[in-house]
Amino acid sequence: MAIYEGFHHIAPQDRPGFCREITQIPEGWLQQPCEKPGRVERLEYRCPLFDHPGETCVKYALVYLPWEYDRQPDKHYNVMYMIHGGGGSPEEYLGNGCPFISMLDYAMAGGEMEPFIVVSPTYYPPNDPDISVDFSGRCTAVFMEELTRYILPAAESLYRTHAGSASDDVLRKSRAHRGIGGFSMGGVTTWYAFLDAMDYFGWFMPMSGDCWVMGRRGGISFPEETAAKLAAAVGGQGFTSEDFMLYFITGSEDIAWDACDAQVHAMEQHGDVFRFGKNTFYGLREGGYHTVEQVRHYALHVLRGFWKG
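Residues numbered from 1 in each chain as written. Predicted model: local features only at pLDDT ≥ 70, side-chain atom pairs only at ≥ 80, totals over all residues. Heavy atoms only, no water.

Participant: How should the overall build of the chain be read in this particular structure?
Facilitator: Counting its secondary structure elements, the chain contains 10 helices and 9 strands. Relative to a compact globule of 309 residues, whose C-alpha radius of gyration would be 19 Å, the chain shows 18 Å and is just as compact. With the principal axes as the frame, the chain shows a C-alpha extent of 50 × 45 × 35 Å. Counting every position in the chain, which comprises 309 residues, the buried fraction comes to 57%. Sequence separation of at least 24 residues holds for 74% of the intrachain contacts in the chain that already meet a minimum separation of 6. In the structure as shown, the chain presents an accessible area of about 12400 Å², 50% of it carried by carbon and sulfur atoms. Averaging the coordinates of the 25 positive side-chain charges in the chain and doing the same for the 40 negative ones gives two points 4 Å apart. (Helix = DSSP H or I, 4+ residues; strand = E, 2+ residues; numbered from the N terminus. Rg over C-alpha atoms; globule rule 2.2 N^0.38 Å. Buried < 20%, exposed > 50% of the residue type's maximum accessible area, 1.4 Å probe, protein only. Contact = heavy atoms within 4.5 Å. Areas by Shrake-Rupley, 256 points an atom, 1.4 Å probe, with all protein chains shown as cover. Lys, Arg positive; Asp, Glu negative; His and termini not counted. Charge placed at Lys NZ, Arg CZ, Asp CG, Glu CD.)

Participant: Can you walk me through the side chain of Asp243 in this structure?
Facilitator: Within the fold, Asp243 resides in the loop between helix H8 (223-236) and strand S8 (245-251). Put simply, Asp243 is tucked away with no salt bridge, and the nearest opposite charge, on Arg175, sits 4.9 Å away. In terms of polar contacts, Asp243 uses its side chain to reach the backbone amide nitrogen of Thr240, at 2.8 Å. (Salt bridge = Lys/Arg side-chain N within 4 Å of Asp/Glu carboxyl O. Polar contact = N/O pair within 3.5 Å; in protein donor to acceptor, adjacent residues only side chain to side chain.)

Participant: I would appreciate a short explanation of the pairing of strand S9 (residues 280-285) in the present structure.
Facilitator: If a strand is regular, its side chains alternate between the two faces of the sheet. S9 sits mainly inside the fold: 6 of its 6 residues count as buried. Here S9 shows a buried face lined by Thr280, Tyr282 and Leu284 and a second buried face lined by Phe281, Gly283 and Arg285. Looking at chain direction, strand S1 (residues 18-19) and S9 are connected through 2 bridges and run parallel. Counterpart to Phe18 in the pairing with S9 is Tyr282. Two elements, S8 and S9, share 6 bridges in a ladder whose sense is parallel. Residue pairing for S9: Gly251 is matched across the bridge by Arg285. In this region the chain leaves S8, passes through helix H9 (residues 257-267) and returns to the parallel neighbour S9; the handedness of that crossover is right-handed. (Pairing = 2+ DSSP bridges. Right-handed = clockwise from strand over helix to strand, strands pointing away.)

Participant: Just to check I follow, could you spell out the sheet that holds strand S6 (residues 178-183) for this structure?
Facilitator: Strand pairs in the sheet, formed through backbone hydrogen bonds, run parallel or antiparallel to each other. The mixed open sheet is built from 9 strands, whose spatial order is S1-S9-S8-S7-S6-S4-S5-S3-S2. Every other strand in the sheet has two partners, leaving S1 and strand S2 (39-48) as the edge strands with one partner each. With 5 bridges joining them, S6 and strand S7 (residues 203-207) adopt parallel strand pairing. Looking at the pairing, Gly181 lines up with Met205 of S7. Its contacts with the sheet put helix H10 (residues 293-303) on S1, strand S4 (79-83), S6, S7, S8 and S9, and the angle it makes with S8 is roughly 150 degrees. (Axes fitted to C-alpha atoms, helices over the stretch in contact; angles between N-to-C directions.)

Participant: What exactly am I supposed to notice about the packing of aromatic side chains here?
Facilitator: Under the counting rule described, the total for this entry stands at 22 aromatic pairs. Measuring from centroid to centroid gives 5.5 Å for Trp29 and Tyr106, while their planes differ by 10 degrees, and the two rings are stacked. Residue Trp29 is located in helix H1 (residues 28-31), and its partner Tyr106 is located in helix H3 (residues 99-109); the two are separated by 77 residues in the primary sequence. With a relative accessible area of 10%, Trp29 lands in the buried category. Centroid distance Phe248 to Tyr282: 5.7 Å. Interplanar angle 55 degrees. Geometry classified as tilted. Here Phe248, found in strand S8, pairs with Tyr282, found in strand S9; they are 34 residues apart in sequence, far enough to count as distant. Phe248 gets classed as buried once you look at its relative accessible area, which sits at 1%. (Phe/Tyr/Trp six-rings, centres within 6.5 Å; stacked < 30°, edge-to-face > 60°.)

Participant: Would you explain the nonpolar core in this entry?
Facilitator: Taken as a class, soluble globular proteins show a tendency for nonpolar side chains to be buried jointly. Counting residues in each nonpolar core, the largest one holds 64 residues, and the members touching the most others are Tyr81, Phe194, Phe201 and Phe274. The contacts of Phe194, once residues within four sequence positions are left out, are Phe204, Leu230, Ala233, Val234, Gln237, Phe244, Leu246 and Phe274. Core analysis: the second largest hydrophobic core is formed by 39 residues, Cys19, Met80, Val302 and Phe306 among them. (Core = buried A, V, L, I, M, F, W, Y, C linked by side-chain atoms within 4.5 Å.)

Participant: So what exactly am I meant to see when it comes to H8 here?
Facilitator: Note on helix geometry: an α-helix contains 3.6 residues per turn, so any two residues three or four positions apart are oriented the same way. In this model H8 runs 20 Å from its N-terminal to its C-terminal C-alpha over 14 residues, within 8% of the 20 Å that 1.5 Å per residue would give. Those residues of H8 that sit buried are Pro223, Thr226, Ala227, Leu230, Ala231, Ala233 and Val234. The buried side chains of H8 occupy one side of the element, clustering within an arc of 150 degrees when seen end-on. Those residues of H8 that are exposed and aimed more than 90 degrees away from the buried face are Glu224, Ala232 and Gly236. Turning to H8, the residues buried within the fold contact helix H6 (185-196), helix H7 (218-221) and H9. (Expected span 1.5 Å × (residues − 1). Arc of directions from axis to C-beta.)

See the structure below:
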């Protein structure tokens, strides 16, 4: 996987890899539907039931297919897995009328993004009313097994991804065509993917969520230990600094800013792995709060650079 240089045109102000000019969504994108809209489907799959050993359940993910998907039947697509925040659901990004869909439609139709598939699952067990921070944290910490063993095979054997198969070997070999990102607890989940599932993902977009592997709000409570754990995970999974792209992004007024900022500065001490301006970037949107509304701005800013290396 080649290091992509394309983020340099939007990046350094303070120093390489740091950016304060975050892309704004054009107002027209939210005022009327795009003339080339994608469509959203529901994908159901069976998996073990979290916290109930031996039991299984049926869950679902929402899948966004770009407008051209049905018009280019021989084309295979990159796929982005988008993870919702605490208390959310797959509808957070891909629900009916969601602004995130409008952003995707316009950005792909206008050539700002190469068309790709988006899969939005949930880490919560079905019909469980507990959306507390502690329970959400437990769910995200164990979600990688469900994502890699059940969701990826279901989605990528059904849709025309570069894997096109449920085979674990094929899914691993196609990792450069697959990304994961999420907001808040979805960002926490993305860091778990970086730690434990780099075999399956080459592109990472944690938004307004630090890494909790060392504990809740580990980015500020244990920044050095968290950064060291993340750096060690790359080589521990058999990869190098040339095998991933990471864009960490948040807002200046975000409640998670302090944890994100402390973590990213600790990550700078591991420059052999996190090569800021090359494979690692940190975006800060001035005035950005901890709201889902920010996601479409963050995602447009980051995803237009994915899969170009």
